[in-house]
Amino acid sequence: MLRALAARTVDVISGGHLNMGIGVGGAVQTPDAGGIAGENPVAAEYAAYGLTLVPPAEGIARLEETITILRGMWTRDVFEFHGRYDTLTGNHNEPKPVQRPGPPPLIGG
């Protein structure tokens, strides 16, 4: 997971001053969900990056896996993960972040 590697690098370079901001991102909304009328404005942005919007429950499940992966990569010498959305095998992540057990998360849903 490149997010974990990038965050670890920023934490090390900054001497342990990173707060890890992470969230669900955009999600498919039902027509009666309220908000901006018409097509979801995030859909075009996601499409430009080759991404698709997912239902809210899937976004939360993916976020949960990502948090598990971040913590594993930041705290274990060798980390393996086999989830519904992501798989890591024989992952080595050195050096570890300065902050233990890793940068504090700032989670947006």
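Residues numbered from 1 in each chain as written. Predicted model: local features only at pLDDT ≥ 70, side-chain atom pairs only at ≥ 80, totals over all residues. Heavy atoms only, no water.

## Observations concerning the overall build of the chain
Here comes step 1: Regarding its fold elements, the chain presents three helices and four strands.
Here comes step 2: Reading the chain from its N terminus to its C terminus gives the helix and strand order α-β-α-α-β-β-β.
Here comes step 3: Its C-alpha atoms give the chain principal-axis dimensions of roughly 45 × 30 × 20 Å.
Here comes step 4: In the chain, which comprises 109 residues, the proportion classed as buried is 31%.
Here comes step 5: In the chain, the share of contacts with a sequence separation of at least 24, taken over all contacts with a separation of at least 6, comes to 57%.
Here comes step 6: In the form shown here, the chain has an accessible surface area of approximately 7,000 Å², with 59% of it arising from carbon and sulfur atoms.
Here comes step 7: Positive and negative charge centroids in the chain, built from 8 and 11 side chains respectively, lie 8 Å apart. (Helix = DSSP H or I, 4+ residues; strand = E, 2+ residues; numbered from the N terminus. Buried < 20%, exposed > 50% of the residue type's maximum accessible area, 1.4 Å probe, protein only. Contact = heavy atoms within 4.5 Å. Areas by Shrake-Rupley, 256 points an atom, 1.4 Å probe, with all protein chains shown as cover. Lys, Arg positive; Asp, Glu negative; His and termini not counted. Charge placed at Lys NZ, Arg CZ, Asp CG, Glu CD.)

## Overview of the pattern of salt bridges
Here comes step 1: Overall, the coordinates contain two salt bridges when judged by the stated rule.
Here comes step 2: A salt bridge links Arg62 to Glu58, with the nearest nitrogen and oxygen atoms 2.9 Å apart. Of this pair, Arg62 and Glu58 both sit in helix H3 (residues 56-75), four residues apart, roughly one helical turn.
Here comes step 3: With relative accessibility at 33%, the residue Arg62 sits in the partly exposed group. (Salt bridge = Lys/Arg side-chain N within 4 Å of Asp/Glu carboxyl O.)

## Details of the nonpolar core
Here comes step 1: Judged by nonpolar contacts, the single largest core of 14 residues is most densely connected at Ile69, Leu70, Met73, Trp74, Phe79 and Leu88.
Here comes step 2: When contributions to this core are tallied by element, the ones reaching two or more residues are helix H1 (2-13), strand S1 (20-23), H3 and strand S2 (78-82).
Here comes step 3: A total of five residues in this core trace back to one element, the largest contributor, which is H3. (Core = buried A, V, L, I, M, F, W, Y, C linked by side-chain atoms within 4.5 Å.)

## Quick word on the side chain of Lys96
Here comes step 1: Structurally, Lys96 can be placed in the loop between strand S3 (87-92) and strand S4 (105-108).
Here comes step 2: Classification of Lys96 by relative accessible area gives buried; the value is 12%.
Here comes step 3: Within the local environment of Lys96, its side chain forms a polar contact with the backbone oxygen of Asn93, the two atoms lying 2.8 Å apart.
Here comes step 4: Those residues in contact with Lys96, other than ones at most four positions away along the chain, are Arg8, Val12, Met73, Trp74, Thr75, Arg76 and Asp77. (Polar contact = N/O pair within 3.5 Å; in protein donor to acceptor, adjacent residues only side chain to side chain.)

## Some details on H3
Quick reminder: α-helices carry 3.6 residues per turn. Residues three or four places apart thus point the same way.
Here comes step 1: For H3, spanning 20 residues, the distance from its first C-alpha to its last is 29 Å, which sits close to the expected 28 Å at 1.5 Å a residue.
Here comes step 2: Inspection of H3 places Gly59, Leu63, Glu65, Thr66, Ile69, Leu70, Gly72, Met73 and Trp74 among the buried residues, and these make up the whole buried set.
Here comes step 3: Along its buried surface, H3 packs onto H1, S1, S2, S3 and S4. (Expected span 1.5 Å × (residues − 1).)

## Some points on the environment of Leu5
Here comes step 1: For Leu5, the position within the fold is in helix H1.
Here comes step 2: Taking the relative accessible area as the measure of exposure, Leu5 reaches 29% and is therefore partly exposed.
Here comes step 3: Separated by 24 residues in sequence, Leu5 and Gln29 have C-alpha atoms that sit 32 Å apart.
Here comes step 4: With sequence-adjacent residues up to four places away left out, Leu5 is seen in contact with Met73 and Asn93.

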